[in-house]
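Results of the structural survey
Now for the letters of each chain:
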Amino acid sequence: MSGTDVSTTDGARRRPARERLLAAAARRFYADGVAATGIDTITAEAGVAKMSLYNNFSSKADLVRAYLDARHEEWLGLYRARLEHARGPRDGVLAVFDAYADHAAFAYEHGFRGCGLLNAAAELPAGDAGRAVVRAHKEEVERLIAGHVEELLPERPDEARATAEHLAFLLEGAMARAGLEGDGDRLRHARAMAATLLDRL
């Protein structure tokens with residue numbers, strides 16, 4: 001089957017080459033950075049031939065965009081899982097913070113290094129399509145927060161917009177500091193601050 005490498009090293013049935021390449025890229029890009037990670041490193045970690053990469057991705061830049069799209073979908077999955085337990089718009093806002101904390105709690109090879117999307121964007125040149133993916137992700141996060149806040153303040157749209165922007169900045173600042181410090185403490189603190197702010201509305 002095209003794009004699928006069925007060879008095994010442990011006798012177990014292997015995942016399709018595209019999945020393995022994306023998983024390897026996610027590990028290496030997050031741990032080592034986009035620029036520092038070569039195609040040979042990714043294919044070796046994925047256990048596929050270099051030709052398999054080019055059968056699935058037109059270039060390294062295409063692989064980077066697929067990685068960024070996958071990170072976005074991964075985060076949305078964390079958010080949706082948290083949202084299932086939300087009891088109203090206040091909990092909806094906090095579900096966004098919880099999804100970021102869940103992201104920080106993953107077992108990373110070299111520890112938590114902050115938002116993988118922003119880390120990648122910092123390495124990409126202005127105008128790169130990957131930066132547009134990251135920007136769209138951050139805009140969607142802010143829209144999700146804004147939607148919940150608008151439900152809390154249906155008669156106060158200006159205050160709702162300002163509050164949503166405040167919360168988004170609080171979240172992003174906490175994520176940056178958490179990445180520097182290597183754990184989710186700042187995110188938990190930011191969540192508590194967000195809850196206090198919401199209770200004062």
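So, how was this worked out
Residues numbered from 1 in each chain as written. Predicted model: local features only at pLDDT ≥ 70, side-chain atom pairs only at ≥ 80, totals over all residues. Heavy atoms only, no water. Helix = DSSP H or I, 4+ residues; strand = E, 2+ residues; numbered from the N terminus. Buried < 20%, exposed > 50% of the residue type's maximum accessible area, 1.4 Å probe, protein only. Contact = heavy atoms within 4.5 Å. Areas by Shrake-Rupley, 256 points an atom, 1.4 Å probe, with all protein chains shown as cover. Lys, Arg positive; Asp, Glu negative; His and termini not counted. Charge placed at Lys NZ, Arg CZ, Asp CG, Glu CD. UniProt positions renumbered as here; feature names shortened; annotations may be inferred. Axes fitted to C-alpha atoms, helices over the stretch in contact; angles between N-to-C directions. Parallel < 35°, antiparallel > 145°, perpendicular 65-115°, else oblique.

An unreviewed UniProt entry annotates the protein as TetR family transcriptional regulator originating from Streptomyces corchorusii.

Attention now moves to the overall build of the protein. The secondary structure content of the protein amounts to nine helices and zero strands. Each helix and strand of the protein, ordered N terminal to C terminal, gives the series α-α-α-α-α-α-α-α-α. Each principal axis of the C-alpha distribution contributes one length, and for the protein these read about 60 × 40 × 30 Å. Taking all 201 residues of the protein together, 42% fall into the buried category. Within the protein, counting contacts between residues at least 6 apart in sequence, those at least 24 apart form 62% of the total. Working note: accessible area of the protein is about 10600 Å², and carbon and sulfur atoms make up 52% of it. Here the protein contributes 27 positively and 31 negatively charged side chains, and the mean placements of these two sets differ by 3 Å.

Attention now goes to the UniProt feature "domain: HTH tetR-type" (unreviewed entry) in the protein. UniProt tags residues 15-75 as "domain: HTH tetR-type" (unreviewed entry). Each end of residues 15-75 is marked by a C-alpha atom, and these two atoms are 22 Å apart; helix forms 77% of the span and strand 0%.

This part covers the packing of helix 5 (residues 89-104) against helix 7 (residues 129-152). Two numbers describe how helix 5 lies on helix 7: the axes approach to 7 Å, and their chain directions differ by 155°. Here helix 7 runs roughly antiparallel to helix 5, going by the angle between their axes. Residue-level contacts link P89, R90, G92, V93, V96 and Y100 of helix 5 to H137, K138, V141, L144, I145, H148, V149, E151 and L152 of helix 7.

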